[in-house]
Amino acid sequence: MLPKLFHSSGRLLGRSVIRPGERYVSSISSPASLNDFGKQHVTKGLARISDGVMARGQGSYVEYLDGKKMLDFTCGIGVTNLGHSHPKVSKAAAEQCMNITHVQCSIAFHEPYLRLIEKLLPEMPHRSLDSFFFWNSGSEAVEAAIKMARVLTGRQNIITMQGAYHGRTFGAMAVTKSKTVYSDGVAPLMPGVFSIPYPFWHQLRLPPSTPSSVLTDECLYQLHLLLSQQTSPKDTAAIIIEPVLGEGGYVPAPKEFLEGLRAVCDQHGILLIVDEVQSGFGRTGEMFFIEESGVRPDILLMAKGLANGFPLSGVVSRKELTDKLAPGSMGGTYAGNAVSCAAACAVVDAFREENILQNVKARSQELFAFLNDLKQDQTLAQYILDVRGRGLMAAMEFASSEAPGAEFDPATPKALTVKKGIASRVAKKCIEKGMLLLTTSVYEVIRFIPPLNISQEDMKKGCEIFEESLREVVREGI
Ligand SMILES: Cc1ncc(COP(=O)(O)O)c(C=O)c1O
């Protein structure tokens, strides 16, 4: 039974109607009733994987108001990469709060904004990336990149990848092709968007063992066709890509494919937008995944781990390009918030001082060894189709009738009668057993995004919870 909070007049109720000068006393007295209150008054448009109200977070663990403690293998979807409430990050933010919290970017510079650029410059995957603009969210960074690409090239069309996720605002939604739920009923979307398949075997209906050279050739051929049949290069402003497909299934793009995109962009004066909102900031073992390929982005996007939980995104390009933007054409009330920038400065310091990338590599080896062992396990092998990813952005895909590519592959299991839903059943079991874990994509995929500084002990614990959950789901029948 929900507590009664409103008078029929629409005024809030405490004991009864609140009179002028009277203090409002909440009648929500337990964690359960606060949770119910949320269910009643928070839009149904939001979805949640766990029940309850999260109250605290420390390192790799979160605690709910009712005392429930969970190992967090989601990091708030790849955000709290240095763990919850990292002492240096929280301290930097708290100190900034006592100094100045809001310096509007159209009024003046502020120091954390400039110090952050100073710290980020040596971390850029290419030295040409020297001009920065900070906004709040990943979606906003995508909006900025689309706008810049159109303005700087004088062309309209954007090429995106099938399976891509770039966000929920209008431009970002238009270049998102991972699930229809993000744009169902919303059309018309932003025009001028075209897509090609990502070099992911599923999208080409090929087996998981297909060599990356074959996937690359196929997708670059589709790009060639697109540029000659649907959007001519002279109308094409940009190609946008997640170098590791996130919401589309945790698929690292082959180096040759990224090089191929660069070559096409160079040939036609098209801008290459590299969206590292999820894969960036150490997630894959390098500061940015694109570094592995040596490919130069024209515009690099970052967010999520950048400020470890404070809202901040970055749009980085080269001065030679951004000097062509009209002053005032970019901006935003909260763009590059001082507290977020101060937190991000502490994040970059922590990466250096705490050898974060080294930990990612060590824990990644353990995680992949564990997942690949499960793939070889006598009882489980028939249900596991693929283990993939990079660093601590890892995925396990289960066999299902939704994965027809496996039919043609002698090297993969044939458990094609498995019903849809195994991934969410396993994730749900993990949550019941005390670990937050997410699924991803339209396929049966579990994604592992633990903190980048997770201890060996907690990594082992997470793996044990996952294995126990998977075995239980298999025993219960799939
Ligand atoms: C690759 C990528 N781009 C953009 C976004 C959108 O970021 P935000 O949710 O901060 O708007 C996300 C979010 O998950 C993402 O993974």
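Preceding this section is the structure that the text describes.
Residues numbered from 1 in each chain as written. Predicted model: local features only at pLDDT ≥ 70, side-chain atom pairs only at ≥ 80, totals over all residues.

As for the overall build of the protein chain
Thought 1: For the protein chain, the count of helices and strands is 13 helices and 17 strands.
Thought 2: Taken over the C-alpha trace, the protein chain has a radius of gyration of 23 Å; the compact-globule value for 478 residues is 23 Å, and the two agree within 12%.
Thought 3: Principal-axis analysis of the C-alpha atoms places the extent of the protein chain at approximately 70 × 60 × 50 Å.
Thought 4: Sorting the 478 residues of the protein chain into buried and exposed places 46% on the buried side. (Helix = DSSP H or I, 4+ residues; strand = E, 2+ residues; numbered from the N terminus. Rg over C-alpha atoms; globule rule 2.2 N^0.38 Å. Buried ≥ 20, exposed ≤ 12 C-beta atoms within 10 Å, placed from the backbone.)

Brief notes about the site of the ligand
Thought 1: In the neighbourhood of the ligand, 14 residues make up the surrounding shell, with Gly138, Ser139, Gly167, Val277 and Gln278 lying closest.
Thought 2: In terms of residue count, the dominant contributor to the shell around the ligand is helix α5 (residues 138–153) (three residues).
Thought 3: Its residues assigned to classes, the shell around the ligand shows five nonpolar, seven polar and two charged. (Near = placed C-beta within 6 Å. Nonpolar A, V, L, I, M, F, W, Y, C, P; charged D, E, K, R; others polar.)

Looking at the sheet that holds strand β7 (residues 236–241)
Thought 1: If you trace the seven strands from one edge of the open sheet to the other, you get β4-β12-β11-β10-β7-β5-β6, paired in mixed fashion. Both outer strands of the open sheet, β4 (131–135) and β6 (193–196), are each paired with one neighbouring strand and no more. Within the sheet, the average angular offset between the axes of one strand and its neighbour, ignoring direction, is 20°.
Thought 2: When strand β11 (residues 299–302) meets strand β12 (residues 313–317), the two strands line up antiparallel, connected through three bridges. (Pairing = 2+ DSSP bridges. Axes fitted to C-alpha atoms, helices over the stretch in contact; angles between N-to-C directions.)

What to know about the nonpolar core
Thought 1: If you look at the biggest cluster of nonpolar residues, it comprises 126 residues, and the most contacted ones within it are Ala145, Ile239, Ile273, Leu301, Ala343 and Val347.
Thought 2: Excluding residues within four positions of it along the chain, Ala145 makes contact with Ile240, Ile273, Ile299, Leu301 and Val315. (Core = buried A, V, L, I, M, F, W, Y, C linked by C-beta atoms within 7 Å. Contact = placed C-beta atoms within 7 Å.)

Points about the sheet that holds strand β3 (residues 69–72)
Thought 1: Overall, mixed pairing links the four strands, which are arranged β1-β2-β3-β15 in an open sheet. Of all strands in the sheet, those bounded by a partner on one side alone are β1 (54–58) and β15 (435–436).
Thought 2: Both strand β2 (residues 61–64) and β3 contribute to a ladder of three bridges, which runs antiparallel. Counterpart to Tyr61 in the pairing with β3 is Leu71.

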